[in-house]
Amino acid sequence: MSAPPIPKAPAAIDRLPVTLPALAERKRLGEPIVMVTAYDFPSAQAAEAAGVDVVLVGDSGAMTVLGYPSTVPVSVDEMLVLARAVRRGLRTPLLVADLPFGSYEASDELAIATAQRFVKEAGVDGVKLEGAGVVAQRARALVQAGIPVMGHVGLTPQTATALGGYRAQGRTAERAHAVARDALELQEAGCFAIVFEAIPAAVAAVLMERMAVPVIGIGAGDATDGQVLVFHDLLGIREGVGARFVKRYADLQAEMTAGVRAYAEDVRARRYPEPDHTYSIDPGELRRFRELLAAG
Ligand code: KIV
């Protein structure tokens, strides 16, 4: 049985879809690559309208939209719901989805089967995996199976406990060397791009001399080929300060709360609904309705 076609948003008239060669070309030309996360139709539409290059259905969605305490519990099925909604709101950016914790590490076969679901059922262009070592082997297997892979080194939230918590990585020569080995291993495995998360800017800058594929930084300074931020962090849809690398461009959580509070106050004060918000009926029809009701 063939899968139903995956609808995409209407084509943007002035922009071509972003491809893997286009990303590589951006790196070659030194043009910064813009990546942002999205988890639903409206956030995808915002990313599309803003003209970003890459959209990541991050497993950060476990925390930002599903309310889990970390990225670890989110399931493949939950991530697929988010990815399909994003696909429907997107036309031009490259769409990448995180494979959730536990859905790819155990074997090449598992990684391929999971990634194929994201490609077939959600229409993603590629998948992202966290870490190296055995994960680099999974990345290689996926690339050989025809699925583009984005790597992720430094702070890898799926295994944050093993890294000593949500903290910057690579802050000693040996730890920086370990991050470098991971990145080079993923590059060698065929990843089309790699995320560097929470490593010293100077370490990223040195490492960039060895990186042939586009590197997208988050808390890794300005030497990387592009930057990524979590949608809810950059728009202030989360309470709290967030990581050091987060820059807030809006305070939507406060705006949303203010809007809902104003609505609640209007309802309680009987200021809403107003006549403009209601539907009318012909007086004769209303009279007849009363008669019908009275007659039982
Ligand atoms: O899940 C996510 O949002 C990520 C980005 C922070 C890169 O992995």
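One can find the structure itself at the top, above this paragraph.
Given the structure is predicted, the values throughout are model-derived calculations rather than measurements.

## Brief notes about the pairing of strand β7 (residues 215-218)
So, point 1. What you see with β7 is no split at all: Val 215 and Gly 217 on one side and Ile 216 and Ile 218 on the other are buried throughout.
So, point 2. Here four bridges tie strand β6 (residues 193-197) to β7, and the two strands are oriented parallel to one another. For Val 195, the partnering residue across the bridge sits in β7 and is Ile 216.
So, point 3. Following the backbone out of β6, through helix α8 (residues 201-208) and into the adjacent parallel β7, one traces a crossover that is right-handed.
So, point 4. Bridge count between β7 and strand β8 (residues 226-229): two bridges; the pairing is parallel. Paired with Gly 217 across the bridge in β8 is Gln 227.

## What to know about the site of the ligand
So, point 1. Looking at the ligand, the residues that line it are Thr 37, Leu 56, Gly 58, Asp 59, Ser 60, Asp 98, Lys 128, His 152, Ile 218 and Val 230.
So, point 2. Within the contact set of the ligand, an oxygen atom lies 3.0 Å away from a side-chain nitrogen or oxygen of Asp 59.
So, point 3. Measuring from an oxygen atom of the ligand, one finds a side-chain N or O atom of Asp 98 at 3.0 Å.
So, point 4. When the free accessible area of the ligand is taken as 260 Å², the share hidden by the protein chains comes to 95%.
So, point 5. Residues of the shell around the ligand, tallied by class, amount to three nonpolar, four polar and three charged.

## Considerations on the pairing of strand β3 (residues 94-98)
So, point 1. Burial analysis of β3 places five of its five residues in the buried class, the great majority of the element.
So, point 2. Burial of β3 is two-sided: the residues Leu 94, Val 96 and Asp 98 facing one way and the residues Leu 95 and Ala 97 facing the other way are all buried.
So, point 3. Inspection of the sheet shows strand β2 (residues 54-57) paired to β3 by four bridges, in the parallel sense. Looking at β3, one finds that Val 57 is bridged to Ala 97.
So, point 4. Here three bridges tie β3 to strand β4 (residues 126-128), and the two strands are oriented parallel to one another. Within the sheet, the bridge partner assigned to Val 96 lies in β4 and is Gly 126.
So, point 5. Note that the unit made of β3, helix α5 (residues 108-122) and β4 has a crossover that is right-handed.

Thresholds applied
Residue positions are counted from 1 within each chain, in the order its sequence is given. Reporting in this predicted model follows two pLDDT cut-offs: at least 70 for local features of residues, and 80 or more for side-chain atom pairs to be given and counted; totals over whole chains, interfaces and linings ignore these cut-offs and use all residues. No hydrogens and no water enter the side-chain calculation; it runs on all heavy atoms of the structure. Each residue gets one of three labels from its accessible area relative to the maximum for its type: buried under 20%, exposed over 50%, partly exposed in between, using a 1.4 Å probe on protein chains only. Put simply, DSSP marks the helices as runs of H or I at least four residues long and the strands as runs of E at least two long, and each gets a number from the N terminus on. A pair of strands counts as paired when DSSP detects no fewer than two bridges linking them. Looking down the strands as they point away from the viewer, one classifies a crossover as right-handed if the path from the first strand across the helix to the second runs clockwise. For this description, a residue counts as near a given molecule or strand if any of its non-hydrogen atoms is within 4 Å of it. Polar contact criterion, stated in full: a pair of N or O atoms within 3.5 Å, where within protein one must be able to donate a hydrogen and the other to accept it, and residues adjacent in sequence count only if both atoms are side-chain atoms. Here the accessible surface of atoms and residues is derived via Shrake-Rupley with a 1.4 Å probe, and residues count as covered only by protein chains that are part of the display. Each residue is assigned to one of three groups, with Ala, Val, Leu, Ile, Met, Phe, Trp, Tyr, Cys and Pro labelled nonpolar, Asp, Glu, Lys and Arg labelled charged, and all others, Gly among them, labelled polar.

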